[in-house]
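Understanding the architecture of this molecule
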Amino acid sequence: MEESVTIDNRADFAQWAIERARAIVAQEGTALALAARDMNEASIGEAGNALGQAIADALLDVFDGLTEGLE
């Protein structure tokens, strides 16, 4: 379960983005690097897709948070 974060200003958003990017790179980037090191084409594709999905999910999380009060 993810922790809820309140973003009140640009600095809060920047800090959230940096922390989220670090987490994504640490997890998904490592898997992609290991697959590339092993030269496993199938694993490279899967890891690349997982990296892209993690980035998209993070962006959608922010968007959903911004639109919560608009419904």
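Let us look at the structure shown here. (Residues numbered from 1 in each chain as written. Predicted model: local features only at pLDDT ≥ 70, side-chain atom pairs only at ≥ 80, totals over all residues. Heavy atoms only, no water.)

On to the environment of Ala-58, then. For Ala-58, the position within the fold is in helix H2 (residues 41–67). Residue classification places Ala-58 among the buried residues on the basis of a relative accessible area of 7%. As for Ala-58 and Ala-17, which are separated by 41 residues in sequence, their C-alpha atoms are 8.8 Å apart. Setting aside anything within four residues of it in sequence, one finds Ala-58 in contact with Trp-16, Arg-20 and Ile-24. (Helix = DSSP H or I, 4+ residues; strand = E, 2+ residues; numbered from the N terminus. Buried < 20%, exposed > 50% of the residue type's maximum accessible area, 1.4 Å probe, protein only. Contact = heavy atoms within 4.5 Å.)

Here the focus is the nonpolar core. Counting five residues, the largest nonpolar core consists of Trp-16, Ile-24, Ala-54, Ala-58 and Val-62. Sort the elements by how many residues they give to this core and H2 lands first, with three residues. When residues no more than four places from it in sequence are discounted, the contact partners of Ile-24 are Gly-29, Leu-51, Ala-54, Ile-55 and Ala-58. (Core = buried A, V, L, I, M, F, W, Y, C linked by side-chain atoms within 4.5 Å.)

Further remarks concern the side chain of Glu-28. Within the secondary structure, Glu-28 sits in helix H1 (residues 10–38). Look at Glu-28: it is buried, it has no salt bridge, and the nearest opposite charge is Arg-20 at 8.1 Å. Here Glu-28 is in contact with Ala-50, Leu-51 and Ala-54, once residues within four sequence places are set aside. (Lys, Arg positive; Asp, Glu negative; His and termini not counted. Salt bridge = Lys/Arg side-chain N within 4 Å of Asp/Glu carboxyl O.)

Let us look at a nonpolar patch on the surface. A cluster of nonpolar side chains, contributed by Val-5, Ile-7 and Phe-13, occupies part of the molecular surface with about 240 Å² of accessible area. Positionally, Phe-13 belongs in helix H1. You can call Phe-13 partly exposed: its relative accessible area is 37%. (Patch = residues over 30% accessible without salt bridge, like charges linked within 9 Å, V, L, I, M, F, W, Y side chains within 5 Å. Areas by Shrake-Rupley, 256 points an atom, 1.4 Å probe, with all protein chains shown as cover.)

Turning next to unusual backbone geometry. Although it is not a glycine, Met-39 adopts a positive phi angle of roughly 55°. Secondary-structure assignment places Met-39 in the loop between H1 and H2. The exposure class assigned to Met-39 is exposed, which follows from its relative accessible area of 69%.

Enumeration over the complete set of coordinates arrives at one salt bridge. The residue Arg-37 makes a salt bridge to Asp-38 at a minimum N-O spacing of 3.2 Å. Overall, the relative accessible area of 58% leaves Arg-37 in the exposed class.

These values are about where atoms sit, not about what they do.
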